[in-house]
Amino acid sequence: MTPARQYAKGSAVKADTQAINELKAVLVIADPALWERPSTLGNVELFRTCARLSPPDGGGEEDAVAHAAHMTLRMLAERIEQLTVQIDEPTNAWPGSSNATPQSYWHRWASAWTGQSRC
């Protein structure tokens with residue numbers, strides 16, 4: 001593994017850990033109705049569940065708080081998923097490896113940062 005890849009992977013691991021801690025902190029301070037079910041899930045299923053959260057129905061100030069919690073949990077879960085892909089990405093997909101192409105590298109980079117394909 002190249003030093004640059006090692007640095008990038010270490011950075012992604014650190015950001016992933018921070019996002020996981022933030023997601024769990026939001027769950028702890030959220031409305032009990034929101035965290036009762038997810039608290040029994042393992043990490044992977046918890047992140048998938050949070051990534052699929054939709055805004056609650058209704059209106060009013062309580063619903064605005066619940067909406068903010070849902071949005072925050074969903075964004076953090078999506079970030080965790082993106083970082084996990086970056087961490088688990090095989091080293092042969094990086095420049096300098098035998099089967100990497102500039103197009104494959106930039107495609108992965110653009111997808112990781114924007115969440116969509118650029119190439």
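Overview of the structure. (Residues numbered from 1 in each chain as written. Predicted model: local features only at pLDDT ≥ 70, side-chain atom pairs only at ≥ 80, totals over all residues. Heavy atoms only, no water.)

### Looking at the environment of Ala8
For clarity, the threshold we go by: Strands are runs of DSSP state E lasting at least two residues, helices are runs of H or I lasting at least four, and both sets are numbered from the N terminus onward.
Note that Ala8 resides in helix α1 (residues 3-29). Sequence separation between Ala8 and Gln86 is 78 residues; the distance between their C-alpha atoms is 8.8 Å.

### Comments concerning the nonpolar core
Applicable threshold: Here, nonpolar core means buried Ala, Val, Leu, Ile, Met, Phe, Trp, Tyr and Cys residues that are tied together by side-chain atoms lying within 4.5 Å of each other. Only protein chains enter the calculation, and the probe is 1.4 Å; a residue is then buried if its accessible area is under 20% of its type maximum, exposed if over 50%, and partly exposed in between. Contacts are assigned to residue pairs with any non-hydrogen atoms lying within 4.5 Å of each other.
Leu23, Leu46, Phe47, Cys50, Leu73 and Ile80 are the most contacted members of the largest nonpolar core, which totals 17 residues. Excluding its chain neighbours within four sequence positions, the residues that come into contact with Leu23 are Leu46, Phe47, Cys50, Leu73, Leu76, Ala77 and Ile80.

### Quick word on the side chain of Asp16
Stated formally: In this charge count, Lys and Arg are treated as positive and Asp and Glu as negative; neither His nor the chain ends contribute. For this document, the term salt bridge refers to a Lys or Arg side-chain nitrogen within 4 Å of an Asp or Glu carboxyl oxygen.
Assignment of secondary structure puts Asp16 in helix α1. Although Asp16 lies buried, it forms no salt bridge, and the closest oppositely charged side chain, Arg79, sits 7.9 Å away as judged by the N-O distance. Residues within four places of Asp16 in sequence aside, it is in contact with Ile80, Leu83, Thr84 and Ile87.

### With respect to the environment of Thr17
Residue position: Thr17 is located in helix α1. On the accessibility criterion, Thr17 (39% relative accessible area) is partly exposed. Separated by 66 residues in the primary sequence, Thr17 and Leu83 have C-alpha atoms spaced 9.6 Å apart.

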